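# Commentary on secondary and tertiary structure
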Amino acid sequence: MAELRGIPDGKALINTINAHSFNTAQKDDAFAEALKGGDYLIPDGAGIVKACRWLKAESRPKERIAGWDLFTFEMNRLDSKMKECKNEGMKKGKVMFLGSSEKVLSLIRKRAARDYPNLEIVTFSPPYKLEFSEEDNRTMIKAINDADPDLLWIGMTAPKQEKWAYSHWQELDIHCHCGTIGAVFDFYAGTVKRAPLWWQRNSLEWLYRLLMEPRRMWRRYIIGNAMFLHYIYNEKTSAIPSAEGLDVRMN
């Protein structure tokens, strides 16, 4: 994960993009702005990596980096850092999870206590609404600022999480990396099973999810993948090509 190691310390908003989110961004201007306006946009999909190369985008990622890869990289790095600082009397590193249900967050706290003994886990479950009220937003911003985490994860599903983080980024008085990682909350909690390693390595994680939940996922992957190819083909053959929708920024 050389690309992830290149992200410097400090306040940084890290989003991911895959075929589904790319399709969504074509019809949701606020979502597109949120993806482009973040500090880093990493390729969570083999299709994105290949499309960047085919379109000769300004930034061409070498490999897919899933949200799970970002999560484990950042958690391991902070845990190792805090382990080294133990002898100096420093407190544990603080990681905040904003999103999902209290049930999922409880499972995350239990697992993280085993996996990352040098990290303190703080969680906040926002209300389940299509749109947050101003009071909801103030409460979440205050919770983050009061926690003052060394690492912040937001998991409210796309495009809600990206738009929320981008809209309130300037109000977050933090000095750490923030990743919008959606389904990773459920993967880590164990409430949703991630594809086995073979499927991941062969860029077939989408097919595994389709086979596991065909009624829920068929539209996203069958129709969605066809739409993605259509958008990319139009981009390639356009008289005035613009690959900024695939501006995957890793440095």
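Placed above this text is the structure.
Reference entry: report on the structure contained in this document. (Residues numbered from 1 in each chain as written. Predicted model: local features only at pLDDT ≥ 70, side-chain atom pairs only at ≥ 80, totals over all residues. Heavy atoms only, no water.)

### Observations concerning the nonpolar core
Core analysis: the biggest nonpolar cluster contains 31 residues, and Met75, Val95, Phe97 and Trp153 have the highest contact counts within it. Counting only elements with at least two residues in this core, the list comes to strand 1 (12-17), strand 2 (40-43), helix 5 (67-84), strand 3 (93-99), helix 6 (102-115), strand 4 (119-124), strand 5 (151-155) and helix 9 (184-189). Looking at this core element by element, the count peaks at seven residues for helix 5. Setting aside anything within four residues of it in sequence, one finds methionine 75 in contact with Val95, Phe97, Tyr116, Leu119, Ile121, Leu151 and Trp153. (Core = buried A, V, L, I, M, F, W, Y, C linked by side-chain atoms within 4.5 Å. Buried < 20%, exposed > 50% of the residue type's maximum accessible area, 1.4 Å probe, protein only. Helix = DSSP H or I, 4+ residues; strand = E, 2+ residues; numbered from the N terminus. Contact = heavy atoms within 4.5 Å.)

### Observations concerning the packing of helix 2 (residues 19-27) against helix 12 (residues 214-237)
At a minimum axis separation of 9 Å, helix 2 and helix 12 run at an interaxial angle of 65 degrees. One finds that helix 2 runs roughly perpendicular with respect to helix 12. Between helix 2 and helix 12 the crossing geometry is left-handed. Seen from helix 2, the contacting residues are Ala19, His20, Phe22, Asn23, Gln26 and Lys27; seen from helix 12, they are Arg220, Gly224, Asn225, Met227, Phe228, Tyr231 and Ile232. Per-class residue counts for the contact of helix 2 with helix 12 are six nonpolar, five polar and two charged. (Axes fitted to C-alpha atoms, helices over the stretch in contact; angles between N-to-C directions. Parallel < 35°, antiparallel > 145°, perpendicular 65-115°, else oblique. Left-handed = near helix turned anticlockwise from the far one by under 90°. Nonpolar A, V, L, I, M, F, W, Y, C, P; charged D, E, K, R; others polar.)

### Quick look at a nonpolar patch on the surface
The grouping of Trp218, Ile222 and Ile223 at the surface amounts to a nonpolar patch, some 260 Å² of accessible area in total. In this fold, isoleucine 223 is placed in helix 12. (Patch = residues over 30% accessible without salt bridge, like charges linked within 9 Å, V, L, I, M, F, W, Y side chains within 5 Å. Areas by Shrake-Rupley, 256 points an atom, 1.4 Å probe, with all protein chains shown as cover. Salt bridge = Lys/Arg side-chain N within 4 Å of Asp/Glu carboxyl O.)

### Examining the environment of arginine 201
Counting through the fold element by element, arginine 201 comes out in helix 10 (residues 197-201). Remark: the alpha-carbon pair of arginine 201 and isoleucine 121, spanning 80 residues in sequence, is separated by 30 Å.

### Points about unusual backbone geometry
With omega at 5 degrees, the peptide bond leading from alanine 158 into proline 159 counts as cis. The residue proline 159 is located in the loop between strand 5 and helix 8 (160-167) in this model. Residue aspartate 148 is not a glycine yet carries a positive backbone phi of 50 degrees. The residue aspartate 148 is located in the loop between helix 7 (134-147) and strand 5 in this model. Even without a glycine there, the phi angle at serine 203 is positive, about 55 degrees. Within the secondary structure layout, serine 203 lies in the loop between helix 10 and helix 11 (205-212).

### Describing the packing of aromatic side chains
Taken as a whole and judged by the stated rule, the model has eleven aromatic pairs. Geometrically, the ring pair formed by phenylalanine 22 and tyrosine 231 is edge-to-face, given 6.3 Å between the ring centres and 70 degrees between the ring planes. Taken together, the positions of phenylalanine 22 in helix 2 and tyrosine 231 in helix 12 put the pair 209 residues apart, joining distant regions of the chain. A residue is classified by how much of its surface remains accessible, and phenylalanine 22, at 7% relative accessible area, is buried. Ring centres of tryptophan 68 and phenylalanine 71 lie 5.8 Å apart, and the angle between their planes is 45 degrees; this geometry places the pair in the tilted category. Of this pair, tryptophan 68 and phenylalanine 71 are both found in helix 5, three residues apart, which corresponds to roughly one turn of the helix. Given a relative accessible area of 1%, phenylalanine 71 falls into the buried group. Among the aromatic residues, those joined into a ring-pair cluster are Trp68, Phe71, Phe97, Trp153, Phe185 and Tyr188. We note lysine 11 situated over the ring of tryptophan 169; from NZ or CZ to the ring centre the distance is 4.7 Å. Seen from the ring of tryptophan 54, lysine 236 lies directly overhead, with NZ or CZ sitting 5.4 Å from the centre. (Phe/Tyr/Trp six-rings, centres within 6.5 Å; stacked < 30°, edge-to-face > 60°. Lys NZ or Arg CZ within 6 Å of the ring centre and 35° of its normal.)

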